[in-house]
Amino acid sequence: MLLVLVLVTIGVFLIVRLVPGDPAQMVLGLKARPEQIADMHHRLGLDQSIGKQFTSFIGTLLATGDTGQSIAYNVSSRALVLSRLPVSLWLIGCSAVLVVAISLPLAMTAALHKGGWVDQLVRIVPTITLGMPEFWVGLVFVLLFAVTLKIFPVGGTQPGIDGMLYSMALPSLTIALAQTPFIVRSLRTRILEVLGADFVVTLRAAHLPERVIRRHVLRNALLPALQLYGMKISFLVGGTLVVEQVFGLKGVGSLLFSAITVRDFPLIQAIAIYCALGVVLISIIVEIAGGLIDYRVRGGLGGEARHQEAGGVA
Amino acid sequence: MNADASIISNQEHPGAAAGSHADSCHEPIIRVNDLRITTAMGNRPLIDGISFDVQPGETVGLVGESGSGKSLTLRAIMGLLPEGVVLADSESISISEHKRLAMIFQDPVSSLDPLTGVARQVAEVMRYNQHLPRREAQAQAADLLISLGLPASLRAADRYPGQLSGGQCQRVGIAIALATKPDILLCDEPTTALDVTVQLQILDLLADLRERLGLTMLFVTHNLGVAAHLCDRLIVMQHGRIVEAGATEDVLNNPQQEYTRRLVSAILPIPGEQDR
Amino acid sequence: MKRLHLPRTLAAGVALLAAIVLAVLIIPLLSPYDPTAEDISSMLQPPSFVHPFGTDQLGRDLLVRVAAAGRVDLALMVGVELLPFIIGTAAGLIAGYYGGWPNRIITLLSDALIAFPFYLLVAVVAFVTGTGVTGIFLTFLIMGWIIFARTVKGATASLAGEEWVESARVMGFSDTSILLRQMLPNVFSQAVIVLVSDMVALLVAIVTLGYLGLGVTPPTPDWGTMIADGQSFLATRWWVSTLPGTAVVLVGIALALIGDGLNDARRQV
């Protein structure tokens, strides 16, 4: 995970140097006067040697968490990203909650009534949704729920926690729907496995109510799905960036795409690094959650293979 | 069917054959009458019309090689047949009214939820069977486990099944069974998966519990030595049928069938048993 | 009569895809309209007999535009995927067979790729390589091969441990011949299944880039830019955004069916 951060940082540093032609020229346009170009070179630090550039880039990044002044906004890139962060975090949080709220009951029902209509549905729907671009699903939701039914707002955010939740409903549902098929499929398979495990017979023989038995089954089935979810965190974050654009949410995503349009190098660098950092942090949270479910994966990355022995199908 | 007739009549007066415990003419606590189990798809019989009774306080051993249908019979009595097999007639098994069944299993480790602490598992069973408050159940569960020979540290910190030995897990399994306050304990090869040295400890524990709690036991095993250690009466099964039944000593000393003779000759001594 | 029983999903997927490709090829030939011809007098008209899909904000016929965009996007999808497929399969074969540092590099790269938000990466790479068709091509050339490399590597590595490979080596077959004659045919089917499902992701990515203004650039028609164009009229002119989107979804369903069918067929063999 740390390695990813390092790779991203190096990659992000190289972006500016890899762009064909002169980045200053790209920012300022063809009509820029030579002294303007020179000034921009100086601001971006491009007039120094590449080694010096790299050390000063890493130095400021580590010391201040910044990648320099945004060209377009003329303020610190870090401050810009941080100011947009809350909206994106809300969106990610709401989507994550929705994924759980949708996946668990669906997978449980599909597994308990194997071959039933929910099971069929769970198998067919991914075939259809696989080719649906998230932004398009978002637009269709707006059309259905905001324009036609007028249940949810078309976009933007509203004040207050309830206003925020209200504004997040459609965008987070959009993101969650893209994630659920994988999770449901993995959970369903695992629940079926666990239902055949010896300990379920013990619980039944001990006259425990069915809902208590299901709780045990779910807990044992959860870890692989959670680990899969952890691997897909980057999709969650990536989806957030795009879906923000659809709903006009002023988050990191809309900042990214406007930064790309105006060729704001330092800002793009900051967003890339903070997104990577976000993925790493969320992955750590997922891992901690995994440890809460299964003591055997506590405090270690290499727990993936170990869940196999849990349940021990006879 | 006809071949079983003599056995059935034999069991209807078990006092004559089995001696010790079942010397009265009580109502049987378990009555199995012409039990038939088939696969759900075809009609291949897995259990082919067996009948026997178990009297209160008795310990009856169901013995036979693997595939003889003894475990399936036990599962049918518990009401927990595995997927894919069906009972031909639900009336063929009757348990006396208000008598509660509990079961312990062959693989003690995998028959416990690997992700829940063992004291919690026992406490949960107590809560739902004895309607105890959570705190009370937790305390009693720890007491029960410790009285069954688990370390006293369990009272302070729960352990997961993966952190216990096979023998300890089987003690937890027994605790779960006892937490349901059973009258009848069904044992499905509870010592087979254990080290030979631990086997005897578990058998002694079961014998002790039987005396103290007045349990009726139905004990499934392929090991006649284990059965002899614990059972008043033996029922020998082969290919889903009963081939021989009678008091343990009679069956062991004077087997009537070739199949039984083979089982008897395969008995291995239980280590440590000869010391006593 | 065919001996091998074709899975129904595969047949349905192929039929649907064929129908889409046919429609996309034929409609621009038959239609009286030019996909880029603007007609201010008939802006944003709803679907009708004259314009079955309606018209957009510049009065362009949407049916012919959806078809023309389909030509562009489908051609891109296939064209862009080809090179990464070949490179990735080759790299995976080598890394899986020899192990060592090629193996480590592919593992590292695919881990990094999975950990990094896809659209952020695509956006940044597309930004560096420039927008338009070249940008898309370069972006997915850089990133696309890794998934094939990883799949093929895994499959090859598990094959390489088997006995017949060792005996082939003892019998004096060269590594190249073992790789091409023995390994490739065995791992190819797996690579193709990944190819099909990855094409869906690629199409979605191309369209998403178009929507974000980082992909195919106007006036070349593209489903993504069309959907973006329609977004401002979503409330009153639903067809401008939803119809191109439906085209994407249909291609996605066709490919998903083919993927499922191939998977089933592979399991049967």
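Residues numbered from 1 in each chain as written. Chains lettered and ligands numbered in written order. Predicted model: local features only at pLDDT ≥ 70, side-chain atom pairs only at ≥ 80, totals over all residues. Heavy atoms only, no water.

An unreviewed UniProt entry lists chain C under the name Nickel ABC transporter permease, with Bifidobacterium cebidarum given as the organism. Its UniProt record gives chain C a comment under Sequence similarities (unreviewed entry), which states: "Belongs to the binding-protein-dependent transport system permease family." The UniProt entry for chain C carries this comment under Subcellular location (unreviewed entry): "Cell membrane". (UniProt positions renumbered as here; feature names shortened; annotations may be inferred.)

Under an unreviewed UniProt entry, the name given to chain B is Peptide ABC transporter ATPase, and the organism recorded is Bifidobacterium cebidarum. What UniProt states about chain B under its Sequence similarities (unreviewed entry) heading is, verbatim, "Belongs to the ABC transporter superfamily." A UniProt comment under Subcellular location (unreviewed entry) is attached to chain B, and it reads "Cell membrane".

A few words now on the overall build of chain C. Looking only at helices and strands, chain C has 9 helices and 0 strands in total. Listed by position from the N terminus, the elements making up chain C come as α-α-α-α-α-α-α-α-α. Counting only C-alpha atoms and orienting by the principal axes, one finds that chain C spans roughly 75 × 50 × 30 Å. In chain C, buried positions account for 50% of the 269 residues. (Helix = DSSP H or I, 4+ residues; strand = E, 2+ residues; numbered from the N terminus. Buried < 20%, exposed > 50% of the residue type's maximum accessible area, 1.4 Å probe, protein only.)

Moving on, we get to the environment of Val147(A). Assignment of secondary structure puts Val147(A) in helix H7 (residues 134–148). Residues within four places of Val147(A) in sequence aside, it is in contact with Val142(A) and Ala235(C). (Contact = heavy atoms within 4.5 Å.)

Before going further, it helps to spend a moment on the interface of chain A and chain C. On the side of chain C, 36 residues touch chain A, which itself brings 41 residues to the contact. Summed over both partners, the interface of chain A with chain C comes to about 3,400 Å²; 84% of that surface belongs to carbon and sulfur atoms. Taken together, the links from chain A to chain C amount to 0 salt bridges. Linking chain A with chain C are 0 residue pairs in polar contact (both at pLDDT 80 or more), by the criterion used here. (Buried area = accessible area lost by both parts, 1.4 Å probe. Salt bridge = Lys/Arg side-chain N within 4 Å of Asp/Glu carboxyl O. Polar contact = N/O pair within 3.5 Å; in protein donor to acceptor, adjacent residues only side chain to side chain.)

Moving on: the pairing of strand S2 (residues 45–54) of chain B. Residue and element names in this part refer to chain B. Within S2, 7 of the 10 residues are buried, leaving the element largely enclosed by the surrounding structure. As defined by bridge partners, strand S1 (residues 30–39) adjoins S2 across 7 bridges and the pair is classed as antiparallel. Its bridge partner lying in S2, Ile37 is registered against Ile47. (Pairing = 2+ DSSP bridges.)

Let us now look at the UniProt feature "domain: ABC transmembrane type-1" (unreviewed entry) in chain C. Here, UniProt's "domain: ABC transmembrane type-1" (unreviewed entry) annotation points to residues 70–259 of chain C. Helix makes up 85% of residues 70–259 of chain C and strand makes up 0%, while its end C-alpha atoms are separated by 20 Å.

Opposite the 24 residues of chain A that make contact, chain B presents 24 residues. Of the roughly 2,000 Å² buried between chain A and chain B, counting both surfaces, carbon and sulfur atoms make up 61%. If you sort the residues of chain A by the area they bury against chain B, Thr202(A), His207(A) and Tyr295(A) come out on top, with a joint share of 28%. For the interface between chain A and chain B, the tally reads 1 salt bridge. Note that Arg215(A) is salt-bridged to Glu124(B), the shortest N-O span being 3.3 Å. The tally of links between chain A and chain B comes to 10 residue pairs in polar contact (both at pLDDT 80 or more). Looking at the side of chain A that touches chain B, the elements with two or more residues in it are helix H9 (198–205) and helix H10 (210–231) of chain A. A per-class count over the side of chain A that touches chain B returns 10 nonpolar, 6 polar and 8 charged. (Nonpolar A, V, L, I, M, F, W, Y, C, P; charged D, E, K, R; others polar.)

Another point: helix H10 (residues 258–265) of chain B. Residues and elements named next belong to chain B. For H10, the full list of buried residues reads Tyr259, Thr260, Leu263 and Val264. The arc that holds every buried residue of H10, seen down its axis, measures 135°, which confines them to one face. Of the residues in H10, the exposed ones pointing more than 90 degrees away from the buried face are Glu258 and Ser265. Buried residues along H10 sit against helix H8 (224–230), strand S9 (233–238), strand S10 (241–247) and helix H9 (248–253). (Arc of directions from axis to C-beta.)

Turning next to the sheet that holds strand S7 (residues 184–188) of chain B. Residue and element names in this part refer to chain B. Spatially, 6 strands are ordered S6-S7-S8-S3-S9-S10 in an open sheet, and the strand pairing comes out mixed. At either margin of the open sheet sits one strand with a lone partner, and together these are strand S6 (101–104) and S10. Within this sheet the neighbouring strands show an average axis-to-axis angle of 15°, counted without direction. Here S9 runs beside S10; their pairing, made up of 6 bridges, is antiparallel. (Axes fitted to C-alpha atoms, helices over the stretch in contact; angles between N-to-C directions.)

With that settled, the discussion passes to the UniProt feature "transmembrane region" (unreviewed entry) in chain C. The UniProt record marks residues 12–33, 74–98, 105–127, 133–152, 191–214 and 238–258 of chain C with the feature "transmembrane region" (unreviewed entry), using the residue numbering of this structure. Within the segment residues 105–127 of chain C, helix and strand shares are 91% and 0% respectively, and the terminal C-alpha atoms sit 25 Å apart.

Moving on to the packing of aromatic side chains. In this structure the tally under the stated criterion is 4 aromatic pairs over all chains. Each ring, one from Phe135(A) and one from Tyr211(C), has its centre 4.1 Å from the other, and the planes form 15°; the classification is stacked. Separated into two different chains, Phe135(A) in helix H7 and Tyr211(C) in helix H7 (residues 175–212) make up a pair that spans both. A single burial state applies to Phe135(A) and to Tyr211(C), both of which are buried. (Phe/Tyr/Trp six-rings, centres within 6.5 Å; stacked < 30°, edge-to-face > 60°.)

The biggest cluster of nonpolar side chains holds 213 residues, and the ones touching the most others in it are Val122(B) and Trp223(C). Here the element with the most residues in this core is H7(C); it accounts for 19 residues. When residues are assigned to domains, this core turns out to be shared by domain 1 (2–61) and domain 2 (91–132 + 179–313) of chain A, each giving three or more. Counting residues in hydrophobic clusters, the runner-up holds 32 residues, among them Ala205(A), Ile37(B), Leu101(B) and Leu186(B). (Core = buried A, V, L, I, M, F, W, Y, C linked by side-chain atoms within 4.5 Å. Domains from an automatic or database assignment.)

If you trace the backbone, Gln121(B) turns up in helix H4 (residues 118–130). Not counting the four nearest positions on each side in its chain, Gln121(B) is found in contact with Leu112(B), Asp113(B), Thr116(B), Pro161(B) and Ile176(B).

Let us now look at the packing of helix H2 (residues 62–98) of chain C against helix H5 (residues 132–160) of chain C. Residues and elements named next belong to chain C. Close contact between H2 and H5 brings their axes to 5 Å; oriented N to C, the two are set at 35°. H5 is crossed by H2, and the crossing has right-handed handedness. Split by residue class, the contact of H2 with H5 holds 21 nonpolar, 7 polar and 2 charged. (Left-handed = near helix turned anticlockwise from the far one by under 90°.)

So, about a nonpolar patch on the surface. Residue and element names in this part refer to chain C. Together, Val21, Leu22, Leu25, Ile26, Leu29 and Leu30 give the surface a local cluster of nonpolar side chains, amounting to about 590 Å² of exposed area. Structurally, Leu22 can be placed in helix H1 (residues 8–30). Owing to a relative accessible area of 51%, Leu22 belongs among the exposed residues under this scheme. (Patch = residues over 30% accessible without salt bridge, like charges linked within 9 Å, V, L, I, M, F, W, Y side chains within 5 Å. Areas by Shrake-Rupley, 256 points an atom, 1.4 Å probe, with all protein chains shown as cover.)

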